[in-house]
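Chains, contacts and geometry: an overview
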Amino acid sequence: MTYCVGMVLDKGLVMMSDTRTNSGVDNISVFRKMFHWSVPGERQITIMTAGNLATTQAVISQLEERNKAPSDRRPSVLEAPTMFQVATLVGNLLRNVIEGRQEGGMKSEGPRFTASIIVAGQIKDMEPRLFMIYPEGNFIEASFDTPFFQIGETKYGRPILLRGYDRTMSFEDAVKLMMVSFDSTVAANLSVGLPFDLMVMERDRFEPLHQRRILASDPYFKSISSSWSEALRQAFHSLPDYTFDNPAEQAGGN
């Protein structure tokens, strides 16, 4: 399993992914799930993947091959005229990889080869855009109503994002919010783990504003984790106490 989040802000885009891949509790590995390409002054694109590792690696490998010589190996995300067409290209690749494996006699194991992908980026003179691509190759785009996407193990970190997200927030606050979301997910699910990869893409800046790998020893993440745990304990103890005596009266009933 994995956990990836892509978020749209007024200032640009923020992405974070974990790196844990497991095939059982005794077979845990670290694999990168975030990939970035840019053309200085013209475009930058980030992709995050979740699902079957062989499937997602096949998609990324094909994208990498096309990007090495985009004029000879079309279509390439470095030449697609819009982010919509970038998402279409990636969706078609994902669908073709999955269908190819099923046609190769792997239908009985079909669910094992599914995957989902988040595509984020901006092309010059256009808006930053964020898409979530499904195994079938179709996709949806982030909007004011749905300003962030999650793939992988989404349920534990989602309440944090729903309560804390603000489209006008700073990049720094967005990163802090994601840190809390990822910490909550790691605490609840062993299939998600550090290191995390972080990417901040500022509007109209066609190279990463901020990019780094967050290790388990990272002092800021450790501070966020311990501070969030303490804040939750304090919030819990600040709530009204429950009593077995006349609970209806305590709640304001008759």
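Everything below is about the structure printed above this text.
The paragraphs below set out a description of the structure included in this document. All of these numbers come straight from a predicted model, not from anything done at the bench. (Residues numbered from 1 in each chain as written. Predicted model: local features only at pLDDT ≥ 70, side-chain atom pairs only at ≥ 80, totals over all residues. Heavy atoms only, no water.)

Another point: the overall build of the protein. Within the protein one finds 6 helices and 12 strands. Taking the principal axes of its C-alpha atoms as reference, the protein extends roughly 75 × 45 × 40 Å. Counted over contacts in the protein with a minimum sequence separation of 6, partners at least 24 positions apart contribute 63%. A total of about 13200 Å² of accessible surface is found on the protein, and carbon and sulfur atoms cover 52% of it. Averaged over its 26 positive side-chain charges, the protein has a centre that lies 6 Å from the centre of its 30 negative ones. (Helix = DSSP H or I, 4+ residues; strand = E, 2+ residues; numbered from the N terminus. Contact = heavy atoms within 4.5 Å. Areas by Shrake-Rupley, 256 points an atom, 1.4 Å probe, with all protein chains shown as cover. Lys, Arg positive; Asp, Glu negative; His and termini not counted. Charge placed at Lys NZ, Arg CZ, Asp CG, Glu CD.)

Moving on, we come to the sheet that holds strand S1 (residues 3-9). As summarised here, the arrangement of the 5 strands in space is S10-S1-S2-S11-S12, forming an open sheet in which the pairing is antiparallel. Strands with a single pairing partner mark the edges of an open sheet, and in this sheet they are strand S10 (148-152) and strand S12 (210-214). Between one strand axis and the next, the sheet turns through 10 degrees on average, direction left out of account. Bridge count for strand S2 (residues 12-18) against strand S11 (residues 196-202) is 7 bridges, and the pairing is antiparallel. From the neighbouring strand, serine 17 faces S11, where its bridge partner is aspartate 197. (Pairing = 2+ DSSP bridges. Axes fitted to C-alpha atoms, helices over the stretch in contact; angles between N-to-C directions.)

Looking now at the sheet that holds strand S6 (residues 43-51). Across the sheet, which stays open at both edges, the 5 strands sit in the order S5-S6-S7-S8-S9 with antiparallel pairing between neighbours. Each edge of the open sheet carries a strand with a single partner, namely strand S5 (34-39) and strand S9 (139-141). Here the strands of the sheet are splayed against their neighbours by 15 degrees on average, with no regard to which way each runs. Where helix H1 (residues 53-68) meets the sheet, its contacts fall on S5, S6 and strand S7 (115-123), and the angle it forms with S6 comes to roughly 160 degrees.

In terms of burial, S1 is largely enclosed, as 7 of its 7 residues are buried. Burial of the side chains of S1 extends over both faces: Tyr3, Val5, Met7 and Leu9 are buried on one face and Cys4, Gly6 and Val8 on the other. Pairing of S1 with S10 involves 5 bridges; the strand directions are antiparallel. Following the sheet pairing, glycine 6 is matched in S10 by phenylalanine 149. (Buried < 20%, exposed > 50% of the residue type's maximum accessible area, 1.4 Å probe, protein only.)

Applying the stated rule across the entire model yields 12 salt bridges. The partner of arginine 43 in a salt bridge is glutamate 42, and the shortest N-O contact between them spans 2.6 Å. Assessed through its relative accessible area of 24%, glutamate 42 is described here as partly exposed. Between aspartate 218 and arginine 212 there is a salt bridge whose closest N-O contact spans 2.4 Å. On the basis of relative accessible area, arginine 212 is assigned to the partly exposed category, the value being 30%. (Salt bridge = Lys/Arg side-chain N within 4 Å of Asp/Glu carboxyl O.)

This is a description of form; function is not addressed.
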